[in-house]
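Summary of structural features
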Amino acid sequence: LAIVAVNEFSWFALLTLLVGAGHLTGLSDRGATVAQASYGVDAVSLYVVGVMLTALGAMNDVAITQTSAVEALARTGHARSRRDLFRQAMQVGADHASGMVNVLVLVYAAGALPLLLLLRANRTTPLWVQLNGEGLFTELTALLLALLCMVLVVPVSTALAARWMFRPGADPDTDPATDPAAR
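What comes next concerns the included structure. Here the residue index of a chain counts from 1 through its sequence in written order. Owing to the predicted nature of the model, reporting of local features is limited to residues with pLDDT of at least 70; listing and counting of side-chain atom pairs is limited to 80 or more, with chain, interface and lining totals taken over all residues. Calculation of side-chain values draws on the structure's entire complement of heavy atoms; hydrogens and water are dropped beforehand.

**Concerning the overall build of the protein chain**
So the rule is basically this: Starting at the N terminus, helices and strands are each numbered in turn, a helix being any DSSP run of H or I of at least four residues and a strand any DSSP run of E of at least two. Per-residue accessibility, obtained with a 1.4 Å probe over protein chains only, is compared with the maximum for each type, and a residue is labelled buried under 20%, exposed over 50%, and partly exposed between these values. By the convention used here, residues are in contact when the closest approach between their heavy atoms is within 4.5 Å. All accessible-area figures derive from a Shrake-Rupley calculation using a 1.4 Å probe, and residue coverage is judged against the displayed protein chains alone.
When you go through the protein chain residue by residue, the secondary structure sums to six helices and zero strands. For the protein chain, the succession of helices and strands along the chain, N to C, is α-α-α-α-α-α. Within the protein chain, the proportion of its 183 residues that are buried is 32%. A fraction of 75% describes how many contacts in the protein chain between residues 6 or more apart in sequence connect residues 24 or more apart. Total accessible area on the protein chain is roughly 10700 Å²; 67% of this is exposed by carbon and sulfur atoms.

Below, the structure written as structure tokens:
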């Protein structure tokens, strides 16, 4: 959980910077426009929270799975050092991160599908003007940040788990730190 919290805080700072640099209003989403008009909810804050919650779920999944992979590898007793345990777990992590990246791209593509259809339906505005609009930028920003988090959470969670779970000279059959039944 601490791993996810550190990554989420860094990610929040980057998201806030991109929102400010891109001069996003959050009003490209119809639901945010209604929420702001009806309830006084700040559309930019709603956008930031939505992006953070989406990526938090993916980061949580990756961090927990990586920690479990490190634990399983540590229990085998085949790692000679923390670095060796980290290297072995990163092989699993690379596959997991690439799978999660694919999932995130598909999720964001599905979420942006109505926007892309609307862009093509408007034949009076040139495509380059439409592509430079806030709607597409908000989707791409969210995807970019989620992908960046996936790239960062795997090595960070793997390194921390390897540091905590590696027991030099431990016998995986008798060491309570590596035996799940002893917990």
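**Focus: the nonpolar core**
Cut-off, in case you're wondering: For the purposes of this section, nonpolar cores are sets of buried Ala, Val, Leu, Ile, Met, Phe, Trp, Tyr and Cys residues that join through side-chain atoms within 4.5 Å.
Leu15, Tyr47, Leu104 and Met150 are the most contacted members of the largest nonpolar core, which has 23 residues in total. Elements that contribute at least two residues to this core include exactly helix H1 (2-21), helix H3 (43-76), helix H4 (82-121) and helix H6 (134-165). In terms of residue count, the dominant contributor to this core is H3 (nine residues). Once residues within four sequence positions are removed from consideration, leucine 104 is found in contact with Ala58, Leu143, Ala146, Leu147 and Met150.

**Remarks on the side chain of histidine 96**
Our working rule: Two N or O atoms count as a polar contact when they lie within 3.5 Å, although within protein this holds only if one can serve as hydrogen donor and the other as acceptor, and sequence-adjacent residues are included solely when both atoms are side-chain atoms.
If you trace the backbone, histidine 96 turns up in helix H4. With relative accessibility at 19%, the residue histidine 96 sits in the buried group. Looking at histidine 96, its side chain comes within polar contact range of the side chain of aspartate 61, at 3.4 Å. Excluding its chain neighbours within four sequence positions, the residues that come into contact with histidine 96 are Asp61, Val62, Thr65 and Gln66.

So, to be careful, I would describe these as geometric facts and stop short of saying anything about function.
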